[in-house]
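Here are the chains, one letter per residue:
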Amino acid sequence: GDSVTQMEGPVTLSEEAFLTINCTYTATGYPSLFWYVQYPGEGLQLLLKATKADDKGSNKGFEATYRKETTSFHLEKGSVQVSDSAVYFCALSDRGGADGLTFGKGTHLIIQP
Amino acid sequence: KAGVTQTPRYLIKTRGQQVTLSCSPISGHRSVSWYQQTPGQGLQFLFEYFSETQRNKGNFPGRFSGRQFSNSRSEMNVSTLELGDSALYLCASSWRDRGRETQYFGPGTRLLVL
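Residues numbered from 1 in each chain as written. Chains lettered and ligands numbered in written order. Predicted model: local features only at pLDDT ≥ 70, side-chain atom pairs only at ≥ 80, totals over all residues. Heavy atoms only, no water.

(A) Inspection of the nonpolar core at higher detail. Among the nonpolar cores identified, the biggest contains 25 residues, and Trp35, Leu48, Phe73, Leu75 and Tyr88 of chain A are the most heavily contacted of them. At the level of elements, strand 2 (11-14), strand 3 (19-21), strand 4 (23-26), strand 5 (32-38), strand 6 (44-50), strand 8 (62-65), strand 10 (86-93) and strand 12 (107-112) of chain A are the ones that each hand at least two residues to this core. Among the elements that line this core, the one with the most residues is strand 10 of chain A, at four residues. Once residues lying within four places of it in the same chain are set aside, the contact partners of Phe73 of chain A are Cys23, Leu33, Phe34, Trp35, Leu48, Lys49, Ala50, Ala64, Thr65, Tyr66 and Cys90 of chain A. Trp34, Leu46, Phe64 and Tyr89 of chain B belong to the second-largest nonpolar core, a separate cluster that totals 21 residues. (Core = buried A, V, L, I, M, F, W, Y, C linked by side-chain atoms within 4.5 Å. Buried < 20%, exposed > 50% of the residue type's maximum accessible area, 1.4 Å probe, protein only. Helix = DSSP H or I, 4+ residues; strand = E, 2+ residues; numbered from the N terminus. Contact = heavy atoms within 4.5 Å.)

Have a look at this one:
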């Protein structure tokens, strides 16, 4: 079946550091890819998405590029802030969404001032 | 536009009881999906409803059921609660029933089973 693999962390960085959270996937079809963020005590917020190969999703300084050849969708940000501290989930939707969204385990990001 | 709302936000139940959770999707959205989030298993898909019909179902026992009303609001029911059902239950809505549509999540209902 489909699966998403991402580092679980916690990942601890200093403010203004460069961020990369790796995400790789396995899918039977041609999935759409998403990054969601979850702040403490809250639900999931869509951060960005990409629906086809080489698409780049971007939002709030975060970027991720759909790489079909490496089955990856790594999340990057050039300069993180304390307010970026949260849990980040990589997810895919395959086969027309028949199995809902398949999520990675989540990466806990901690940004220190 | 108002987001996805879920009620109640917190629930405490005892083993053997049943519980009903409610979800109101974003206005105009016709698809509602439910997910269970636990520290051990992460986020898992429960089921999806579209136009009052269950379209897709995850790998959960029959104790987990749901329904959708004509106004797209959805309820999820868990019968004969077990300790392992303690989790954050998230509802998500989207415009259509196609997987490539973005799903928008509510704040969740945190269920504690004692």
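(B) Representation of the pattern of salt bridges. Residue and element names in this part refer to chain A. Taken as a whole and assessed by the stated rule, the structure comprises eight salt bridges over all chains. A salt bridge links Glu63 to Lys56; its shortest N-O distance comes to 3.6 Å. Residue class for Lys56 comes out exposed when judged on its relative accessible area of 52%. Taking the shortest distance from any N to any O, the salt bridge between Lys77 and Asp84 comes out at 2.8 Å. (Salt bridge = Lys/Arg side-chain N within 4 Å of Asp/Glu carboxyl O.)

(C) Molecular detail of the sheet that holds strand 7 (residues 64-68) of chain B. All names here are of chain B. Taking strand neighbours across the sheet as the criterion, the four strands line up as 1-3-8-7 in an open arrangement whose pairing is antiparallel. Every other strand in the sheet has two partners, leaving strand 1 (5-7) and strand 7 as the edge strands with one partner each. Direction aside, neighbouring strands of the sheet carry axes that sit 20° apart on average. Examined bridge by bridge, strand 1 and strand 3 (residues 19-24) share three bridges and lie antiparallel to one another. Bridged to Thr7 within strand 3 is Ser22. (Pairing = 2+ DSSP bridges. Axes fitted to C-alpha atoms, helices over the stretch in contact; angles between N-to-C directions.)

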